[in-house]
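Here's the letter readout for the chains.
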Amino acid sequence: MIFLENRPKGTYDLFNEEIKEFTKLEEHLKKVLNKYGFTEIRTPIFEHSSVFHRDSELSDMVTKETYNFQDKGNRLLTLRPEGTAGVIRAYVENKMYLKPLTKLYYIGPFFRYERPQKGRFRQFYQMGMEAIGEQSALLDAEIVSVSYEVIKSLGLKNVTINLNTLGKSSSQPQYKEILTNYFTPHIEELCGDCKRRITENPLRILDCKVDQQKEFVIEAPTPIDYLDQDDLAFYNEVKNNLRMMNVPFVENKRLVRGLDYYGQTVFEIVADIKGFGSQNVLGGGGHYENLVKELGGPDKSGIGVAFGLERLLEALRLEGIKLSEDDYLDAYIITFGEAEQTKALEVLTTLRNEDFKVSIDYYKRSFKAQLREALSLNAKYLIIIGDQELESNILTVKETKTEVQKEMTIDEFIRKAKENDYT
Ligand code: AMP
């Protein structure tokens, strides 16, 4: 027996107008990234679980939200919840570290077992980029700058870039301890997740959706208060570079990120667009110092960012920006009988060979029905083939916009339509 099921919770089907905008957005993003010297990488949608489930990674995204499964060879695999770990796995495996700098981008689906809501899905698309090599304040600034270019080139206006630094990973344990000591007396006032985070990852309490407005959380020590001289100098250099590059940003001392591998620069791109809803982070990223080593590579660091495509599309929609053109047909061929249909097929083939976008009635319907379809398909020209046209080899053509009707040979039509010289 066949059971017809609906799509799984948190997923969606993409077709018609929506897929057109989606594809246009992908094309647009690729163009921007090429300009900045990034090349595409496609990694598998599933990886060995150990790529994501590393000892140092205790974020909810990885510990609670991944889709894990065992294949028939008893391998533990995970559907990728984010792009960076897989890209770094590929970077190490393919020895890309032999070059001083590698700049890669990816576009594709990601999977997280989250509670679905507006702007949050279980399968969603991300476009992300990674620059991997030596630590450089210029490179950090460039990634933030490309992110700004993405937003600017799309024409999005009401968007803010929030910037912060977490300090280098080696100084984080000390800061984490300070935070744990600070929050421990408040343990009973924290939400269930943050009670656990006190020891595992106290940084995440700073941006917890439930607790972040509580007075003692607002007053908690922030990473920037504990930076050493080097980290402070690095952060200042990143900010100066951004100013030189004319990238507007807002410092947000309380910004931390969802994954544990970040150190130094972190940033988020937030939409302040009316009607957007609570899931208003369009993209986010940051610097990672240890991930390459953790995945078996040399001592290289990287910086990356990922944008959610669904959220970018929603931002475009709310700001009234359309990337794709309306669908249209160059011509629709209207026919009246069997004999005319043979002639119509000949015209159809000739026009398609000339790269025209043409359609025809497939069901021998009435003139009225054919006309209705032609208009709904946005046909620029109607080509009418009746008895007269059959005998004379002359087509009756009507431009839909002007409603001007003329008689002409097919060659004449091709020339006029191509040169946009109908009237
Ligand atoms: P993250 O890796 O969590 O920083 O995510 C980067 C971006 O991907 C976010 O800013 C969102 O735009 C998007 N994103 C993350 N999770 C989801 C989700 N469950 N559904 C839709 N978009 C998401």
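Worth saying up front: this structure is predicted, and the values here are computed from it rather than measured.

Caption draft 1: How the structure looks around the overall build of the chain. Helix and strand counts for the chain stand at 16 helices and 16 strands. A compact globule built from 423 residues would reach a C-alpha radius of gyration of about 22 Å, whereas the chain, at 28 Å, exceeds it by more than 25%. For the chain, the spread of C-alpha atoms along the principal axes amounts to about 95 × 60 × 45 Å. Counting all 423 residues of the chain, 51% fall into the buried class. Within the chain, counting contacts between residues at least 6 apart in sequence, those at least 24 apart form 70% of the total. Surface accessibility of the chain: about 21,800 Å² in total, with carbon and sulfur atoms responsible for 50%. Charged side chains of the chain number 57 positive and 67 negative; the gap between the two group centres comes to 1 Å.

Caption draft 2: Structural view of the site of the ligand. Taken together, 14 residues form the shell around the ligand, and within it Arg-112, Glu-114, Phe-121, Gln-126 and Arg-257 come nearest. One nitrogen or oxygen atom from the main chain of Leu-282 is found 3.0 Å from an oxygen atom belonging to the ligand. With respect to the ligand, the backbone of Gly-308 contributes an N or O atom lying 3.2 Å from an oxygen atom. Sorting the residues of the shell around the ligand by element identifies β6 (123-133), β10 (281-288) and β11 (301-308) as the ones contributing at least two each. If you tally residues by element for the shell around the ligand, the top one is β10, at three residues. A per-class count over the shell around the ligand returns five nonpolar, four polar and five charged.

Caption draft 3: Up close: unusual backbone geometry. Positive phi values are uncommon outside glycine, yet Gln-264 reaches one of about 60°. One non-glycine residue, Asn-393, lies in the positive phi region at around 65°. Within the secondary structure layout, Asn-393 lies in the loop between α15 (387-392) and β15 (395-399). Its relative accessible area of 47% is what places Asn-393 among the partly exposed residues.

Caption draft 4: Highlighting the side chain of His-287. By the secondary structure assignment, His-287 is in strand β10. Looking at His-287, its side chain comes within polar contact range of the side chain of Ser-301, at 3.4 Å. Once residues within four sequence positions are removed from consideration, His-287 is found in contact with Gln-135, Asp-140, Phe-234, Tyr-261, Tyr-262, Gly-263, Gln-264, Thr-265, Ser-301, Gly-302 and Ile-303.

Caption draft 5: Structural detail: the side chain of Glu-26. Examined against the element boundaries, Glu-26 turns out to sit in helix α1 (residues 16-35). With no salt bridge to any partner, buried Glu-26 finds its closest opposite charge in Lys-30, at an N-O distance of 5.8 Å. Once you skip the residues sitting within four places of it in the chain, Glu-26 turns out to touch Ile-107 and Leu-309.

Caption draft 6: Here's a closer look at the environment of Leu-318. With respect to the element layout, Leu-318 can be found in helix α12 (residues 309-318). Beyond its immediate chain neighbours, meaning those up to four positions away, Leu-318 contacts Ile-273, Lys-274, Gly-275 and Phe-276.

Caption draft 7: Expanded view of the packing of helix α5 (residues 137-154) against helix α10 (residues 229-244). Between α5 and α10, whose axes approach to 8 Å, the crossing angle comes to 45°. With respect to α10, the element α5 is oriented oblique. Where α5 crosses over α10, the handedness of that crossing is right-handed. Taken together, the residues of α10 that come into contact with α5 (itself represented by Ala-137, Leu-138, Asp-140, Ala-141, Val-144 and Ser-145) are Phe-234, Glu-237, Val-238, Asn-241 and Leu-242. Each residue belonging to the contact of α5 with α10 can be placed in one class, and the counts come to seven nonpolar, two polar and two charged.

Caption draft 8: Broad picture of the sheet that holds strand β3 (residues 68-70). One open sheet accounts for three strands, arranged β2-β4-β3; its pairing is antiparallel. At either end of the open sheet lies a strand with only one pairing partner, and these are β2 (46-48) and β3. Between one strand and the next, the sheet's axes are offset by a mean angle of 35°, whatever the strand orientation. Alignment of β3 against strand β4 (residues 76-79), held across three bridges, turns out to be antiparallel. Bridge pairing in β4 links Gln-70 to Leu-76.

Cut-offs and rules
Each residue is numbered by its place in its chain's sequence as written, counting from 1. Whole-chain, interface and lining totals are the exception, using all residues; otherwise, since this is a predicted model, local features are given only for residues with pLDDT of at least 70 and side-chain atom pairs are given and counted only at 80 or more. Side-chain metrics rest on all non-hydrogen atoms present in the structure, leaving aside hydrogens and water. A run of H or I in DSSP counts as a helix once it spans at least four residues, and a run of E counts as a strand once it spans at least two, with each numbered from the N terminus. The quantity called the radius of gyration is restricted to C-alpha atoms. Its globule counterpart is 2.2 Å times the number of residues to the power 0.38. Note on exposure labels: buried denotes an accessible area under 20% of the residue type's maximum, exposed denotes more than 50%, and partly exposed covers the range between, all computed with a 1.4 Å probe on protein chains only. The contact criterion used is simple: two residues touch if any of their non-hydrogen atoms lie within 4.5 Å. Computed with the Shrake-Rupley method and a 1.4 Å probe, the accessible areas treat only the protein chains shown as cover for residues. Working convention for charge: Lys and Arg count positive, Asp and Glu count negative, and His plus the chain ends are omitted. Charge positions come from single atoms, namely NZ of Lys, CZ of Arg, CG of Asp or CD of Glu. Residues are labelled near a given molecule or strand when at least one of their non-hydrogen atoms is within 4 Å of it. Think of a polar contact as two N or O atoms within 3.5 Å of one another; within protein, one of them needs to be a possible hydrogen donor and the other a possible acceptor, and neighboring residues in sequence only count if both atoms come from side chains. Three classes are used, and their members are as follows: Ala, Val, Leu, Ile, Met, Phe, Trp, Tyr, Cys and Pro are nonpolar, Asp, Glu, Lys and Arg are charged, and the others, Gly among them, are polar. Each reported salt bridge corresponds to a side-chain nitrogen of Lys or Arg within 4 Å of a carboxyl oxygen of Asp or Glu. To get an axis, a line is fitted to the C-alpha atoms, and for a helix only the part in contact is used. The angle between two axes follows their N-to-C directions and goes from 0 to 180 degrees. Angular relationships are summarised with four words: roughly parallel below 35 degrees, roughly antiparallel beyond 145, roughly perpendicular across 65 to 115, and oblique for the angles in between. Throughout, a crossing is termed right-handed when the near helix is turned clockwise from the far one, and left-handed when it is turned anticlockwise from it by less than a right angle. Whether two strands pair comes down to DSSP finding at least two bridges between them.

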